[in-house]
Amino acid sequence: MNIDKILKELTLEEKASLCSGSDFWHTEEIKRLDIPSIMVSDGPHGLRKMRDDTDNPNEAIKAVCFPCACALACSFDRKLLTTLGKALGEECQAEDVSVILGPGCNIKRSPLCGRNFEYFSEDPYLASQLATAHIKGVQSKGVGTSLKHFAMNNQETRRMSYSANVDERTFHEIYLSAFETPVKEAKPWTVMCSYNRINGEYSSQNKLLLTDILRNEWGYEGLVVSDWGAVDDRPLGIAAGLDLEMPTSNGKNDELIIEAVNNGSLSMKDLDKAVRNVLTLIQKAEDGYAPATKWDKEKQHELAGKIESECAVLLKNDDKILPLDKSAKIAFIGEFADKPRYQGGGSSHINSFKVTSALEAVKGMDNITYAQGFVTDRDETVDELLDEAVELAKNSDVAVIFAGLPESFESEGFDRKHMRMPDCQLKLIDEVAKVNKNVVIVLHNGSAVEMPFADKVNGILEMYLGGQNIGTAEKALLFGEANPSGKLAETFPEKLSHNPSYLNFPGNMDDVDYAEGIFVGYRYYDEKGIKPLFPFGHGLSYTTFEYSNLTVSENEIKDDKTLTVMVDVTNTGDRDGMEIVQLYVSDKESSVRRPVRELKGFEKLFLKAGETKKAVFHLDKRSFAYYEPDIHDWFVEYGEFIIEAGSSSRDIRLSTSVYVSSDTKLPVHFTLNTTCGEINSIPEGRAMFENILSKIDCDFGDTASDDLGASAKEMMEAMIRDMPLRTLVTFTNVPDITRAKMSEMVENLNEMLAEK
Ligand code: BGC
């Protein structure tokens with residue numbers, strides 16, 4: 001395709017038409033110029049392609065549902081995500097889909113977000129790493145991805161109109177940085193803008209977001225597509241960097257584009273930019289087209305189970321209740337053992353070609369009996385089901401309860417109202433725990449839940465929404481054929497009110513103030529000293545690991561260099577297993593408030609029993625920096641940084657430190673409103689201040705004499721420290737100290753600093 005030539009030949013009407021879909025899933029075709037239409041389809045963990053024989057966009061072909069992002073993230077495994085991506089890419093090729101609409105990379109700000117199951121983590125580094133690996137996998141098969149929802153789509157309530165009101169530091173440090181690495185490193189063919197507004201401006205027409213940051217700062221060269229129906233002002237969107245509107249606007253917005261070009265409010269240059277990006281996407285799809293690709297559904301079903309077995313998180317395992325003894329009398333209780341909840345509702349919903357439940361997976365094991373225990377279509381205890389389950393538990397060695405959130409509790413489109421599981425399930429767990437002391441809970445949920453039963457049961461295995469072959473993974477993990485190796489990618493607080501967004505979620509009508517700032521997830525719980533139910537990064541294994549020899553390549557580095565960190569991990573148990581080694585960094589003394597620790601590296605190691613391996617990490621500037629709004633950039637403040645190797649964010653095994661320096665200096669600009677304390681904080685300012693003091697002939701240090709008492713002394717010192725220079729002028733009766741002279745001194749100081 002000769003895009004330059006085509007751009008010259010296209011009429012204004014044709015250009016406008018290319019800027020939106022022809023229907024729900026296709027781009028517009030222009031036969032006259034041999035421009036084909038391409039198809040895009042949901043979604044991140046399976047293919048939701050609309051069937052050819054229907055007009056209903058939600059009627060999809062049979063496909064494979066892999067574990068959702070909430071589960072995938074717990075693998076902390078880049079390779080696994082790439083493997084999944086490749087499988088999805090192959091499906092797309094075989095089904096003639098050019099772009100798969102995912103992955104979703106939004107931060108889990110609140111456990112209540114109805115769509116958390118589709119997102120990776122509360123931590124931007126982890127989310128960004130996994131999204132990068134996912135995209136690389138899909139795109140290696142010649143199929144595009146759509147990194148979504150860019151940005152700040154952290155709730156479903158009023159998702160098409162709310163404004164995420166966020167400060168600049170938090171915006172960059174938490175929410176944007178989840179997207180930045182995937183954009184820079186994996187180069188997704190498309191980025192999908194979010195529905196919501198950011199600080200008042202819709203993402204779909206947000207120039208700061210779509211052009212200044214995405215393209216100019218991060219160097220993105222792909223296409224920006226709207227979320228389905230996210231467009232507000234189409235011409236403004238084109239100018240701001242939104243290339244493609246999806247789905248079709250039925251020609252209505254095309255007309256607005258034509259009108260805007262004709263009346264000069266939209267430039268042809270901006271329109272051409274959008275059209276060029278659409279044509280380039282079509283070109284990429286043509287180049288990648290490989291219709292002969294084979295798609296083996298059964299193999300992918302197997303893969304889905306294998307992936308899930310590496311994602312599930314063993315939260316609790318008292319008295320080594322797991323793995324289960326294969327010959328014990330075991331009761332499987334709960335509807336999810338038979339009909340597992342394995343995926344979320346909404347646009348990522350896959351029409352699975354088959355589902356393997358735990359009950360099916362253990363077929364042939366006569367020592368396992370089943371009782372439904374509860375229903376999922378309503379939150380109501382059915383006495384006969386409860387009694388039957390309790391009776392069964394009474395007569396079994398172990399009771400395994402398959403519980404969690406029914407679909408009606410969480411979905412795209414709405415947020416959860418609370419963090420509880422259905423009362424009927426809680427009651428069942430309580431009653432079973434009264435008659436059997438060996439209880440294991442197997443959870444099926446898309447986001448954190450409160451667990452009032454945590455102390456009453458011995459084992460808790462978090463499967464999340466584990467895909468269509470969840471049952472096979474459950475069997476493997478419960479009976480020790482697989483060793484659990486997942487770790488939580490989000491904190492499970494003890495209760496909802498502990499969550500940092502609690503007072504501001506889902507906001508006040510259309511205003512959602514991100515008042516907790518950078519203190520999202522574990523950053524908040526650590527800072528506040530709140531003990532979570534299960535911390536970020538937590539996950540047990542059937543074996544044990546020991547950490548030793550944490551080393552750093554240098555004791556002091558500049559921020560433009562890379563630090564290598566190594567730590568040895570030994571499998572000290574008697575089973576093979578995988579350990580996710582987490583590397584956290586913190587600034588020992590910072591002049592701005594920074595988290596207690598932040599994840600800056602992770603490696604998953606497979607270790608045979610008795611084996612030792614080295615985890616190696618490379619820390620660069622970003623690992624030490626915070627986002628400094630004064631320079632609109634990342635900044636490393638000179639000083640000592642603590643480096644911790646941990647098995648979870650609350651299980652730090654070893655720590656060391658490094659001094660990091662930087663050539664970047666923060667601009668200093670003093671005014672008459674600068675306080676004496678600030679002036680005194682740098683040597684040059686201190687010299688000026690002392691000069692003033694000598695004129696005043698008064699020693700402020702002595703002003704607060706002992707007889708004033710300790711608190712009065714402190715007050716006096718604070719008053720002077722926080723007193724602006726202008727007030728110093730008016731508070732002294734020295735004629736020589738005037739506002740004009742003070743101003744001159746401040747300017748001289750500014751000049752001296754600028755020259756340095
Ligand atoms: C969702 C997107 C999805 C699109 C197409 C929207 O409602 O927010 O994630 O890709 O629909 O189904």
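A short tour of the structure in this document, coming up. From a predicted model like this one, the values you see are computed outputs, not experimental measurements.

Conventions adopted
- Residues numbered from 1 in each chain as written.
- Predicted model: local features only at pLDDT ≥ 70, side-chain atom pairs only at ≥ 80, totals over all residues.
- Heavy atoms only, no water.
- Near = heavy atom within 4 Å.
- Polar contact = N/O pair within 3.5 Å; in protein donor to acceptor, adjacent residues only side chain to side chain.
- Areas by Shrake-Rupley, 256 points an atom, 1.4 Å probe, with all protein chains shown as cover.
- Nonpolar A, V, L, I, M, F, W, Y, C, P; charged D, E, K, R; others polar.
- Buried < 20%, exposed > 50% of the residue type's maximum accessible area, 1.4 Å probe, protein only.
- Helix = DSSP H or I, 4+ residues; strand = E, 2+ residues; numbered from the N terminus.
- Pairing = 2+ DSSP bridges.
- Axes fitted to C-alpha atoms, helices over the stretch in contact; angles between N-to-C directions.
- Contact = heavy atoms within 4.5 Å.

Moving on: the site of the ligand. As a matter of local geometry, the ligand sits amid 14 residues, with Asp 42, Arg 115, His 149, Tyr 195 and Asp 227 nearest to it. A distance of 2.6 Å is found between an oxygen atom of the ligand and a side-chain nitrogen or oxygen belonging to Arg 115. Glu 412 is positioned with one of its side-chain polar atoms (N or O) 3.1 Å from an oxygen atom of the ligand. Burial of the ligand by the protein chains amounts to 94% of its free accessible area of 310 Å². When its residues are assigned to classes, the shell around the ligand shows five nonpolar, two polar and seven charged.

Attention now goes to the pairing of strand S11 (residues 330–333). Along S11, one buried face is formed by Ile 330 and Phe 332 and the opposite face, lined by Ala 331 and Ile 333, is buried too. Summarising the sheet, S11 and strand S14 (residues 398–404) pair through four bridges and their orientation is parallel. Bridge pairing links Ile 333 to Ile 401 in S14. Across four bridges, the pairing between S11 and strand S13 (residues 368–371) is parallel. Across the sheet, residue Ile 330 finds its bridge partner in S13, namely Ile 368.

What follows is about unusual backbone geometry. What you tend to see is this: most non-glycine residues have negative phi, and most peptide bonds are trans. A cis amide bond links Asp 42 to the next residue, Gly 43, at an omega of 0°. Looking at where Gly 43 falls in the secondary structure, it is placed in the loop between strand S1 (40–41) and strand S2 (62–63). Although it is not a glycine, Asp 319 adopts a positive phi angle of roughly 50°. Tracing the backbone through its elements, the reader meets Asp 319 in the loop between strand S10 (313–317) and S11. The backbone of Tyr 464 shows a phi angle near 55°, a positive value even though the residue is not glycine.

Across the sheet, four strands lie side by side as S8-S7-S5-S17; this open sheet has mixed pairing. One side of each edge strand has no neighbouring strand; the edge strands of this open sheet are strand S8 (201–202) and strand S17 (511–513). Pairing analysis gives three bridges linking strand S5 (residues 163–165) to S17, with the strands arranged parallel. Looking at the pairing, Ser 163 lines up with Asp 511 of S17.

This paragraph deals with the sheet that holds strand S15 (residues 439–444). Strand order across the open sheet formed by six strands is S10-S16-S15-S14-S11-S13, with mixed pairing between neighbours. Two strands lie at the open edges of the sheet, namely S10 and S13, each paired on one side alone. This sheet shows a mean twist of 20° between the axes of neighbouring strands, independent of strand direction. Packed on one face of the sheet, helix H14 (residues 383–394) meets S11, S13 and S14 and runs near 160° to S13. Across the sheet, helix H16 (residues 470–478) touches S11, S14, S15 and strand S16 (459–462), and the angle it forms with S15 is around 150°.

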